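Listed below, chain by chain, are the residues.
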Amino acid sequence: MTGHRIIRPDTAFSVASTKQKRPRERDEHHLRFIRSLKCCLCGKPNPDPAHIRSANAIYGKRETGGQEKASDKWTVPLCREHHDEQHDGNELKFWAAKRLDPFGLALALYQASGDDEIAEGIISASIARARHD
């Protein structure tokens, strides 16, 4: 058979990356709110808004890191010491050792953003759980 040629687009057999960089969702009001709370592990004031980098499909949280930072809704209040510890090793092991679910905590605080009374209850419960042996 001559004269027949199949023409395919350049992308016909390309494999798309499953990890596409997405723009970070910023929320300065929420970050200010997180800074107004206490560390969710020890209760120290003036915490950092610590972004969670690990993924969790149940919560719809995709993995971030390197040059991509998690959206601001995925933040929890951590004092400088605990924030450094969170990023020093395996993040999921860090949270497991503290007996806390950072994804649920971040979303609860995001939902309560701006409501000091609800946030205080959330933080008090997280401190009690982290201190429980």
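Rules and cut-offs
- Residues numbered from 1 in each chain as written.
- Predicted model: local features only at pLDDT ≥ 70, side-chain atom pairs only at ≥ 80, totals over all residues.
- Heavy atoms only, no water.
- Helix = DSSP H or I, 4+ residues; strand = E, 2+ residues; numbered from the N terminus.
- Buried < 20%, exposed > 50% of the residue type's maximum accessible area, 1.4 Å probe, protein only.
- Contact = heavy atoms within 4.5 Å.
- Pairing = 2+ DSSP bridges.
- Patch = residues over 30% accessible without salt bridge, like charges linked within 9 Å, V, L, I, M, F, W, Y side chains within 5 Å.
- Areas by Shrake-Rupley, 256 points an atom, 1.4 Å probe, with all protein chains shown as cover.
- Salt bridge = Lys/Arg side-chain N within 4 Å of Asp/Glu carboxyl O.
- Lys, Arg positive; Asp, Glu negative; His and termini not counted.
- Charge placed at Lys NZ, Arg CZ, Asp CG, Glu CD.
- Arc of directions from axis to C-beta.
- Phe/Tyr/Trp six-rings, centres within 6.5 Å; stacked < 30°, edge-to-face > 60°.

A. Looking closely at the overall build of the protein. A count of helices and strands for the protein gives 5 helices and 2 strands. Reading the secondary structure of the protein in the N-to-C direction produces α-β-β-α-α-α-α. For the protein, with 133 residues in total, the buried portion stands at 37%. Counting contacts in the protein only where the partners sit at least 6 residues apart, residues at least 24 apart contribute 69% of the total.

B. Seen up close, the pairing of strand E1 (residues 48–51). Burial along E1 is two-sided: Asp48 and Ala50 facing one way and Pro49 and His51 facing the other are all buried. Relative to strand E2 (residues 75–78), E1 runs antiparallel, the two sharing 4 bridges. When the sheet's bridge partners are listed, His51 is paired in E2 with Thr75.

C. Structural detail: a negative patch on the surface. There is a patch of like negative charges on the surface, built from Asp115, Asp116, Glu117 and Glu120. With respect to the helices and strands, the residue Glu117 is situated in helix H5 (residues 116–131). Among the residues examined, Glu117 registers a relative accessible area of 70% and is labelled exposed.

D. Spotlight on helix H4 (residues 102–111). Pro102, Phe103, Leu105, Ala106 and Leu109 are the residues of H4 that are buried. Taken down its axis, H4 places every buried residue within 165 degrees of arc, on the same side. Looking at the packing, one finds that the buried side of H4 touches helix H1 (28–35), E2, helix H3 (91–97) and H5.

E. Seen up close, the side chain of His82. Mapped onto the fold, His82 is located in helix H2 (residues 80–88). Not counting chain neighbours up to four residues away, the residues in contact with His82 comprise Cys39, Leu41, Cys42, Phe94 and Lys98.

F. Main features of the packing of aromatic side chains. Tallied over the full model, the rule gives 3 aromatic pairs. Residues Tyr59 and Phe103 carry aromatic rings whose centres are separated by 5.9 Å and whose planes lie at 20 degrees to one another, so their mutual orientation is stacked. Note that Tyr59 is positioned in the loop between E1 and E2 and Phe103 in helix H4, a separation of 44 residues in sequence. Classification of Tyr59 as partly exposed rests on a relative accessible area of 32%. With 6.3 Å between their ring centres and 75 degrees between their planes, Trp74 and Phe103 make a pair best called edge-to-face. Of this pair, Trp74 sits in the loop between E1 and E2 while Phe103 sits in helix H4; the two residues are 29 residues apart in sequence, bridging distant segments of the chain. What links up through ring pairs into an aromatic cluster is the set Tyr59, Trp74 and Phe103.

That is the geometry; function is a separate question.
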